[in-house]
Amino acid sequence: MLTDEEKARYEWQMWTPGVGEAGQERLKNARVLISRCGGVGSVVAYELAAAGVGKLVLAHAGNIKPSDLNRQLLMTHDALGTPRMDSVLRRLRDLNPLIELVGVKENLSEANAADLVGQVDLVVDCAPLFVERYAMNDACVRLGKPMVECAMFDGEAYLTTFVPGVTGDLRSLFPEPPPEWKREFPVFGAVSGTIACMAAYEAIKCITQTGELLTNTLLHCDLQRMRFRRLPIQ
Amino acid sequence: MPKLILPAALRRHLPETVSEMDVEGPTVADALDELMLAHPQLRPVLFEGSELKNTVRVFVNEEDIRSLHGTGTPIQGNDEVLLLPPIAGG
């Protein structure tokens, strides 16, 4: 049941056709893992916290560096040098104290993926390294959890939603990581934030059972040319 | 004339900004040969020996060539060949 405070807070989004109080209760009861909370994950976490997802499990290691601040919108200048996760939790609690937050000061790996994925209903993959993405993917496949897959480079981004039993997975889309991939990549926060908002809405649709998911479809967003392609994948 | 679309993740390997390239065809394989002639530095990114890497997805007019005729898929006219390598920026 939603409290009066929650009904007031989420009133405008509950007006979305198909959402209503039932959809908002689904959001309240939902548990989502986001890793990491960088340029994409910060904004995904912020939007899902704003939407009232009941429990967010957030994973990100390390301390805030100056080069984080052009895009990692949950990190703040005054917190430079301090743990990223402290800043993430503080900003999200400032926004929405009604939800539960679990902060993990580690990145996803094969060692912790099963435990972290096992705590949630849905994963949003925002990691900058393929080893982390594959670890999350493999745990999702084993545990039957959907995963919103979002990735970007320069002015372009990919978005799709994997649902075990309905779609393929990251390994069927891209069987191997490209050896030339580096953790550092060209990025404006406007680009990572754009794909993050789209990924967050994909998660919201999945949880509220509204709209159409990007299942078996890879959305290729070319923001430099504002061209969007819906590509069938299996 | 068909054209190859080169996404940012491939353009970064090129010395100048080339986002698309007109090609003759008449197949995807021929178009890729033209790309390798023009930009041989992309060969290790796209090919394993003489075979296109299985990590690179290729779409003709937004259809996966795996559901068409692979690299033998014919192209003509205003067809658009899109190459998508894996990316992981997050």
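Residues numbered from 1 in each chain as written. Chains lettered and ligands numbered in written order. Predicted model: local features only at pLDDT ≥ 70, side-chain atom pairs only at ≥ 80, totals over all residues. Heavy atoms only, no water.

Chemist: Any chance you could explain the sheet that holds strand β2 (residues 20-22) of chain B here in plain terms?
Modeler: Backbone-to-backbone hydrogen bonds pair the strands of a sheet. The strands run either parallel or antiparallel. Residue and element names in this part refer to chain B. Overall, mixed pairing links the five strands, which are arranged β2-β1-β7-β5-β6 in an open sheet. Each edge of the sheet is formed by a strand with only one pairing partner; in this case those strands are β2 and β6 (63-64). Here strand β1 (residues 3-5) runs beside β2; their pairing, made up of three bridges, is antiparallel. Its bridge partner lying in β2, lysine 3 is registered against aspartate 22. (Pairing = 2+ DSSP bridges. Helix = DSSP H or I, 4+ residues; strand = E, 2+ residues; numbered from the N terminus.)

Chemist: What's the story with the environment of arginine 11 of chain B in this structure? I'm lost.
Modeler: Mapping arginine 11 of chain B onto the fold places it in helix α1 (residues 8-11). Overall, arginine 11 of chain B belongs to the buried group, its relative accessible area being 8%. Taking C-alpha positions, arginine 11 of chain B is 9.1 Å from leucine 42 of chain B, a pair spaced 31 residues apart along the chain. With sequence-adjacent residues up to four places away left out, arginine 11 of chain B is seen in contact with Glu156, Gln224 and Arg225 of chain A together with Leu6, Thr17, Val18 and Ser19 of chain B. (Buried < 20%, exposed > 50% of the residue type's maximum accessible area, 1.4 Å probe, protein only. Contact = heavy atoms within 4.5 Å.)

Chemist: Is there a simple way to think about the packing of aromatic side chains in this case?
Modeler: Describing an aromatic ring pair means giving the distance of the ring centres and the angle of the ring planes. Scanning the entire structure with this criterion turns up six aromatic pairs over all chains. For the ring pair tyrosine 158 of chain A and phenylalanine 174 of chain A, a centre distance of 6.1 Å and an interplane angle of 25° mean the geometry is stacked. With tyrosine 158 of chain A in strand β6 (residues 156-162) and phenylalanine 174 of chain A in the loop between α8 (170-173) and α9 (189-208), this residue pair connects regions lying 16 residues apart in the sequence. Taken as a pair, tyrosine 158 of chain A and phenylalanine 174 of chain A share a single burial class, namely buried. Here a set of aromatic residues connected by ring pairs shows up, and it is made of Phe130, Tyr134, Phe153, Trp181 and Phe185 of chain A. Arginine 43 of chain B extends its terminal NZ or CZ atom over the ring of phenylalanine 47 of chain B, reaching a point 5.3 Å from the ring centre. (Phe/Tyr/Trp six-rings, centres within 6.5 Å; stacked < 30°, edge-to-face > 60°. Lys NZ or Arg CZ within 6 Å of the ring centre and 35° of its normal.)

Chemist: Explain the pattern of salt bridges here, please?
Modeler: Once their charged atoms are close, side chains differing in charge can pair, the charge on each being opposite to the other. Applying the stated rule across the entire model yields 18 salt bridges over all chains. Across the salt bridge formed by arginine 133 of chain A and glutamate 149 of chain A, the nearest N and O atoms sit 2.7 Å from each other. Taken together, the residues span a long stretch of sequence, with arginine 133 of chain A in helix α7 (residues 130-143) and glutamate 149 of chain A in strand β5 (residues 147-153) at a distance of 16 residues. Of the two residues, arginine 133 of chain A and glutamate 149 of chain A, both sit in the buried class. One salt-bridge network, held together by shared partners, links Arg227 and Arg229 of chain A together with Glu62 and Glu80 of chain B. (Salt bridge = Lys/Arg side-chain N within 4 Å of Asp/Glu carboxyl O.)

Chemist: How do you make sense of the interface of chain A and chain B when you look at a structure like this?
Modeler: When the parts come together, some accessible area is lost, and that loss is often what is quoted as the size of the interface. With 36 residues of chain A at the contact, the number on the chain B side is 27 residues. Overall, the association of chain A and chain B removes approximately 2700 Å² of surface from exposure, summing both partners, and the carbon and sulfur fraction of that is 58%. When the area that chain A buries against chain B is broken down by residue, the three leading residues are Phe153, Tyr158 and Glu180 of chain A, summing to 21%. Taken together, the connections running from chain A to chain B amount to four salt bridges. Close ionic contact of glutamate 156 of chain A with arginine 11 of chain B constitutes a salt bridge, the shortest N to O distance being 3.4 Å. Taken together, the connections running from chain A to chain B amount to eleven residue pairs in polar contact (both at pLDDT 80 or more). Broken down by secondary-structure element, the contributors of at least two residues to the side of chain A that touches chain B are α7, β5, β6, α8, β7 (217-222) and β8 (227-232) of chain A. If one sorts the elements of the side of chain A that touches chain B by residue count, β8 of chain A sits on top with five residues. Tallied by class, residues from the side of chain A that touches chain B come to 23 nonpolar, four polar and nine charged. (Buried area = accessible area lost by both parts, 1.4 Å probe. Polar contact = N/O pair within 3.5 Å; in protein donor to acceptor, adjacent residues only side chain to side chain. Nonpolar A, V, L, I, M, F, W, Y, C, P; charged D, E, K, R; others polar.)

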